[in-house]
Amino acid sequence: MNIIKTSLFILFGIHFSAISAGRGTSIEVEVGAEMLAKIAIYYKGVDITSGELNFPLSVNSVSQKFANTSDYFYLVGNVARAKVVMETAPFELTSVDVGGGSIPLNGYFTLNVQQTEADKDLSVPVLRRLTDGNSNNGLKVTFESKKRADNYAVGYYTGRFTMVVTPIL
């Protein structure tokens with residue numbers, strides 16, 4: 001029986017010293033997370049971020065130019081502001097007819113009643129929720145021909161312009 005007590009004492013001693021020795025060892029674990037800037041572009045309540053927008057120009061009854069002004073675009077995301085610019089300049093529509101000409105355009109952004117040229121960087125507020133959108137934080141786009149519509153040859157003209165939105169960090 002004495003041998004059993006001694007064996008148990010030795011086993012407990014080994015177990016205790018293994019636990020004590022384990023407490024002296026440690027590691028540090030560094031935990032991190034990165035949230036990238038994200039911005040969605042909404043037009044008429046629809047996310048059009050990865051899409052296209054059909055934007056026909058018609059003859060304005062007052063100016064007699066080809067023209068169209070959009071409804072409000074809203075930027076929604078996790079940053080406070082973004083830079084917006086129309087990348088493709090000069091703005092021009094090209095005739096799809098053989099031997100046709102072109103229609104040079106002016107492009108504008110309107111933000112809070114301030115109009116700026118669309119080929120220049122514009123700082124625009126980014127909303128947290130689409131429901132926060134109003135006339136003060138929405139962006140409108142206008143394209144109009146440089147001359148009256150009757151200065152251009154009959155035919156169909158087309159062009160593609162890219163609006164680039166870049167988060168301001």
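This is a predicted model, so every value here is computed, not measured.

About the criteria used
- Residues numbered from 1 in each chain as written.
- Predicted model: local features only at pLDDT ≥ 70, side-chain atom pairs only at ≥ 80, totals over all residues.
- Heavy atoms only, no water.
- Helix = DSSP H or I, 4+ residues; strand = E, 2+ residues; numbered from the N terminus.
- Buried < 20%, exposed > 50% of the residue type's maximum accessible area, 1.4 Å probe, protein only.
- Contact = heavy atoms within 4.5 Å.
- Phe/Tyr/Trp six-rings, centres within 6.5 Å; stacked < 30°, edge-to-face > 60°.
- Lys NZ or Arg CZ within 6 Å of the ring centre and 35° of its normal.
- Salt bridge = Lys/Arg side-chain N within 4 Å of Asp/Glu carboxyl O.
- Polar contact = N/O pair within 3.5 Å; in protein donor to acceptor, adjacent residues only side chain to side chain.

Asker: How should I be thinking about unusual backbone geometry in this particular structure?
Answerer: The phi torsion of most residues other than glycine is negative, and most of the peptide bonds are trans. Although it is not a glycine, lysine 44 sits at a positive phi angle of roughly 55 degrees. Inspection of the secondary structure puts lysine 44 in the loop between β1 (39-43) and β2 (46-47).

Asker: Could you clarify how one ought to interpret the environment of lysine 120 in this entry?
Answerer: Here lysine 120 is to be found in the loop between β9 (114-117) and β10 (122-125). Among the residues examined, lysine 120 registers a relative accessible area of 46% and is labelled partly exposed. C-alpha separation for the pair lysine 120 and phenylalanine 109, spaced 11 residues apart in sequence, amounts to 9.2 Å. Once you skip the residues sitting within four places of it in the chain, lysine 120 turns out to touch Val84, Val85 and Phe109.

Asker: I keep staring at the packing of aromatic side chains and nothing clicks. Help me out?
Answerer: The relation between two aromatic rings is expressed through the spacing of the ring centres and the mutual angle of the planes. Summed over the entire model, instances satisfying the criterion amount to seven aromatic pairs. Plain terms: the ring middles of phenylalanine 66 and tyrosine 152 are 6.4 Å apart, the flat faces sit at 40 degrees to each other, and that makes the pair tilted. Here phenylalanine 66 is found in strand β4 (residues 65-69), whereas its partner tyrosine 152 is found in the loop between β11 (139-148) and β12 (157-158), with 86 residues between them in sequence. In this structure phenylalanine 66 comes out as partly exposed when scored by relative accessible area, which is 22%. Through pairs of rings, three or more aromatic residues link up here, namely Phe55, Phe91, Phe143 and Phe161. Just above the ring of tyrosine 72 sits the side chain of lysine 140; from NZ or CZ to the centre is 4.7 Å.

Asker: Is there a simple way to think about the pattern of salt bridges in this case?
Answerer: Two side chains of opposite charge can pair, provided their charged atoms sit close to one another. Considering all chains together, one arrives at seven salt bridges under this definition. Note that lysine 44 and aspartate 71 form a salt bridge whose closest N and O atoms lie 3.6 Å from each other. Linking lysine 44 in the loop between β1 and β2 with aspartate 71 in the loop between β4 and β5 (73-77), this pair joins segments that are 27 residues apart in sequence. Where glutamate 117 meets lysine 120, a salt bridge forms, and the shortest distance between an N and an O atom there is 3.8 Å. Residue class for glutamate 117 comes out partly exposed when judged on its relative accessible area of 43%. Salt bridges sharing partners connect three or more residues here, namely Glu117, Asp119 and Lys120.

Asker: Can you walk me through the side chain of asparagine 137 in this structure?
Answerer: Within the secondary structure, asparagine 137 is located in the loop between β10 and β11. Given a relative accessible area of 13%, asparagine 137 falls into the buried group. Among the polar contacts made by the side chain of asparagine 137, one reaches the main-chain carbonyl oxygen of aspartate 132 at a distance of 3.1 Å. A polar atom in the side chain of asparagine 137 sits 2.8 Å from the backbone nitrogen of asparagine 134. When sequence neighbours within four positions are dropped, the list of residues in contact with asparagine 137 reads Tyr74, Leu111, Pro125, Leu127 and Asp132.

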